[in-house]
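Structural overview
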Amino acid sequence: MAADLPKVPAAELNQVVSLLHESDRPVILIGGGVTRWAVRVLGERTAAAGIPLMTTWNGTDRVPSEHPLYAGRPNTWGQRAANALIQQADLVIAIGTRLGLQQTGFAWEQFAPIGRVVQVDIDPAELDKGHPHVDLALCGDADRFLSDLYSCALGDPTRWRQWREFITTVRAELPLNDPQNVTAPGYVKPYELAMRLCEIAEPDAIVLPCSSGGAASVSMQALQLRAKQKLVGDKSLAAMGYGLSGAIGAALANPGRQVFLSEGDGTATVGITALGRSLRVKNFTCEVIGVPPDGFIAAMASELASGARHAKLAFAALVDDHDGATAAADAATKSVRRVEHIYRDAMSKLLDLDELREVMGSRELYRRCSRMGDDLERVADRVWYAVVKSG
């Protein structure tokens, strides 16, 4: 199997703990490199420790807005209160974030100007890039570091009570929906819509704020995510064209769960154009073939996701673990075989359907899943070829 991710050594972890003991205004900034599971498994420990938590945009759904120590999402286009507060912190522990310019601001020299910065990231290049100023750069697995940190004796949480009260005051003085945001009569108030969306959505809904401008920035500033809700943004995937396809993919991968897409008009046009390729055209009229995802599609999507994870492990192991690489490649191939079995069962069930439109639409979706399996199998074969050639 592929080697475990590197762990931050105990001596360096103890340095961070010492910095916390010296700190009066600490903040832990959770990035997308921290998994949702890693935060959830900590349970009440994050609240009991008494250290305020913030998230990057890529880590938005790691800490729900309802968490008692949640202090917001700082960013170049982030929440005003969170941006003001992180500048007042005397210690910022950034875990699983590259601290890029959108996170620190383009005047990166002024990020956390009166505080010390600890950065934990798996990529040494991000730790060595030169900005922002980092007092302690630690290379290692973000999930493991977070767990190890909260397993340490972090001190009496009451010592940071005044800091937490200050955070509460600032967030009240700088609300998400500033009174100066005036919306013309007859139009939806975007900040109120974003703030209420997660409240009315189902507890495990998936939200995709995409494109840019109001569709993305307002959502990222004002969404109030609940504990089991998931956010999938386009911050690392470029803007125009992702939203509609991303929402469709999220719905297919999560049957039965609500999916909300916040999209701009320009990108919506791109999405409609792409959908045009899947339209039936007859006598100059068009109609979209609407086929809801079913159990077969969900099962194939699950196997494809599992196979893709194994393929990723296989490539990672090629460097120094050929046995692990081939084992992971074999696991990916087995996922493809299961996709083929599901595909055959799904196609046979179509014989029982009478509605031609449903048959055609389902058959096309099944075939696309099957073709993705073929692509994944070719990837696994390339891993084997690389191992054989190097040997």
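We now turn to the structure provided with this report. In this text, all values refer to a predicted model and were calculated from it rather than measured experimentally.

The strand order S2-S1-S3-S4-S5 describes an open sheet built from five strands, whose pairing is parallel. Looking along the sheet, the strands with just one partner apiece sit at the ends: strand S2 (53-55) and strand S5 (136-139). When strand polarity is set aside, the average angle formed by the axes of neighbouring strands in this sheet is 20 degrees. Sheet topology places strand S1 (residues 26-30) next to strand S3 (residues 91-95); five bridges connect them, and they run parallel. By the bridge assignment, Pro26 is partnered in S3 with Leu91.

Turning next to the packing of aromatic side chains. If you walk through the whole model with that rule in mind, you get two aromatic pairs. For the pair Trp163 and Phe166, a centre-to-centre distance of 6.1 Å together with 20 degrees between the ring planes defines the contact as stacked. Here Trp163 pairs with Phe166, and both are found in helix H8 (residues 161-173), just three residues apart, close to one helical turn. The class of Trp163 is buried, set by a relative accessible area of 3%. With a centroid separation of 6.1 Å and an interplanar angle of 80 degrees, the aromatic rings of Phe296 and Tyr366 are classed as edge-to-face. Remark: Tyr366 occurs in helix H15 (residues 356-390) and Phe296 occurs in helix H13 (residues 295-317); sequence separation between them is 70 residues.

Let's shift gears to the packing of helix H9 (residues 190-200) against helix H10 (residues 213-222). For the pair H9 and H10, the least separation of the axes is 8 Å and the interaxial angle reads 55 degrees. Here H10 runs oblique to H9, going by the angle between their axes. H10 is crossed by H9, and the crossing has right-handed handedness. Between H9 and H10, the contacting residues are Pro190, Tyr191, Ala194 and Met195 on the first element and Val218, Ser219, Gln221 and Ala222 on the second. Of the residues that constitute the contact of H9 with H10, the class distribution is six nonpolar, two polar and no charged.

A separate point is the pattern of salt bridges. As enumerated under the stated definition, the model contains 15 salt bridges in all. Residue Arg116 pairs with Glu22 through a salt bridge whose shortest N-O separation is 3.0 Å. One end of the pair, Arg116, is in strand S4 (residues 116-121); the other, Glu22, is in helix H1 (residues 10-22), and 94 residues separate them in sequence. Judged by relative accessible area, which is 36%, Arg116 ranks as partly exposed. The closest approach of N and O atoms between Arg378 and Asp375, which form a salt bridge, is 2.2 Å. Separated by three residues within a single helix, Arg378 and Asp375 lie in helix H15, roughly one turn from each other. It is possible to trace a salt-bridge network through shared partners that takes in Arg36, Asp61 and Arg62.

Conventions adopted
Residues numbered from 1 in each chain as written. Predicted model: local features only at pLDDT ≥ 70, side-chain atom pairs only at ≥ 80, totals over all residues. Heavy atoms only, no water. Pairing = 2+ DSSP bridges. Helix = DSSP H or I, 4+ residues; strand = E, 2+ residues; numbered from the N terminus. Axes fitted to C-alpha atoms, helices over the stretch in contact; angles between N-to-C directions. Phe/Tyr/Trp six-rings, centres within 6.5 Å; stacked < 30°, edge-to-face > 60°. Buried < 20%, exposed > 50% of the residue type's maximum accessible area, 1.4 Å probe, protein only. Parallel < 35°, antiparallel > 145°, perpendicular 65-115°, else oblique. Left-handed = near helix turned anticlockwise from the far one by under 90°. Contact = heavy atoms within 4.5 Å. Nonpolar A, V, L, I, M, F, W, Y, C, P; charged D, E, K, R; others polar. Salt bridge = Lys/Arg side-chain N within 4 Å of Asp/Glu carboxyl O.

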